[in-house]
Amino acid sequence: MPLEFLRSFRVRLAFFFILAMAAAAASADFLIYRYALRSQFEQLRQKLSAVAQTAASAVDVPALQAIPQNKEGIDSPQYQQIAKNLNKIKDAVAGIKYIYILAYSGKPGILKFIVDAEAGEADTQGPQTYPGYEYDATRFPEMVKGFEGPAADRTLEKDEWGVFLSGYAPIRDASGKAVAILGVDMRAEDVYSVQKEVRKRAVSVFILGLGLAIIFSFFISAGVSRRIRELTRGVDRLAQGDFDHRIAEKGDDELARLIRFFNKMSGALKFYMEELRRTTAEKERLVKEIEIARGIQQSFLPAACPEIEGFEIAAVNLPARMVGGDFYDFIPVEKDKWGLVIADVSGKGVP
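Computed from a predicted structure; not experimentally measured. (Residues numbered from 1 in each chain as written. Predicted model: local features only at pLDDT ≥ 70, side-chain atom pairs only at ≥ 80, totals over all residues. Heavy atoms only, no water.)

Q: How would you summarise empty space enclosed by the protein if you had to cite specific residues and measurements?
A: Inspection of the entire model under this criterion finds two cavities of 30 Å³ or more. Of the volumes computed, that of the largest cavity is approximately 190 Å³. Tyr-100, Tyr-135, Asp-159, Trp-161 and Asp-185 are, among the 19 residues lining the largest cavity, the residues nearest its centre. Residue assignment for the lining of the largest cavity shows that the elements contributing at least two residues are β1 (96–104), β2 (110–116), β5 (157–159) and β6 (162–172). Per-class residue counts for the lining of the largest cavity are 10 nonpolar, two polar and seven charged. Counted as a void, the second largest cavity has a volume near 30 Å³. In terms of lining, the second largest cavity is formed by Ala-55, Ala-58, Val-59, Asp-60, Ile-82, Asn-85 and Leu-86. Top element by residues in the lining of the second largest cavity is helix α4 (residues 77–92). It accounts for three residues. Partitioned by chemical class, the residues of the lining of the second largest cavity number five nonpolar, one polar and one charged. (1 Å grid on protein atoms, 1.4 Å probe; cavity = no way out; pocket = protein on both sides within 12 Å on 5 of 7 lines; lining within 4 Å. Points joined across faces, edges and corners; volume = space filled by probe spheres on them. Helix = DSSP H or I, 4+ residues; strand = E, 2+ residues; numbered from the N terminus. Nonpolar A, V, L, I, M, F, W, Y, C, P; charged D, E, K, R; others polar.)

Below is the structure:
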């Protein structure tokens, strides 16, 4: 019984619809998921570059330029004030792990720290920085572009402090010259958590789409298989001789046309069967009449040949059809005298 159910047209049609709709849903969901990830990543980049630009505009440039470029510079009031302001910005923006200021060191591809808001804290990972601490920026092309305008890393990048997505913005003096850049870092874990949420939503959408695909597939297949079952029952009724059975005609698709053809065929078969019955009845009537005519004809013929001394007489009548026009008879004229009659009516059959 389970195998019969699995072999049914309805189940196979539903399975086909489910596969087709699931494939379409998976493809669409994948494309939307990829688009959502890219869109989310671009939003994070824009957010980081905007935060960096906002923070850079709030930096006191004269105080920044007055910070001594050595380890003792951390203790300078200018450094402490700028670091305090940077920490306020970091605390106000969710997801920001590090915020810092870098300037040219005079060496190609090498920048130097001016202010690091995390410097001196015990839980800081990576090297301890100070004003003048050199940093290799050749690994991060977007960081160098930060001197020209707001920028952000295009991929997650790794350095001594970990894996981050960073945004940068120039710090300009009164003349508009970029004297440093301000950078903000978002941890990879925070980026991944945002992407994980996108993935969860994508999976939820796919599961919902798959569920709807299953429901709609069985709904559609039920409608199609119902009409096919009606057609199958109609064929069974027709095979049993019920030529009056008709199927309701709905729609104008292939199944509807097939049902209309079935109804016409049923009507035609009914007409042909009635004609066949009339023809058969007429034939049976004619056969009976011919049988009667044959019996009458045979009754005309002698039952046996007479025995005449010195002669051997035999006769047989084989009509070309059931009734023939031939006739013979033996007629006694007088003692030892017989008349022999042989006759033939032209034509064949009862007339």
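Q: Lay out the packing of aromatic side chains with the relevant residues and their values.
A: In total, this model carries nine aromatic pairs according to the counting rule given. Residues Phe-113 and Tyr-133 carry aromatic rings whose centres are separated by 6.0 Å and whose planes lie at 55 degrees to one another, so their mutual orientation is tilted. Here Phe-113 is found in strand β2, whereas its partner Tyr-133 is found in the loop between β2 and β3 (134–136), with 20 residues between them in sequence. Owing to a relative accessible area of 6%, Phe-113 belongs among the buried residues under this scheme. By relative accessible area, Tyr-133 is classed as partly exposed at 21%. Judged by centre distance (6.1 Å) and plane angle (75 degrees), the rings of Tyr-328 and Phe-330 are edge-to-face. Accessibility assignment for this pair places Tyr-328 and Phe-330 in one class, buried. By way of ring pairs, the aromatic residues Tyr-100, Phe-113, Tyr-130, Tyr-133, Tyr-135 and Phe-140 are connected into one cluster. The ring of Tyr-135 is capped by Arg-139, whose NZ or CZ atom sits 5.3 Å from the centre of that ring. (Phe/Tyr/Trp six-rings, centres within 6.5 Å; stacked < 30°, edge-to-face > 60°. Buried < 20%, exposed > 50% of the residue type's maximum accessible area, 1.4 Å probe, protein only. Lys NZ or Arg CZ within 6 Å of the ring centre and 35° of its normal.)

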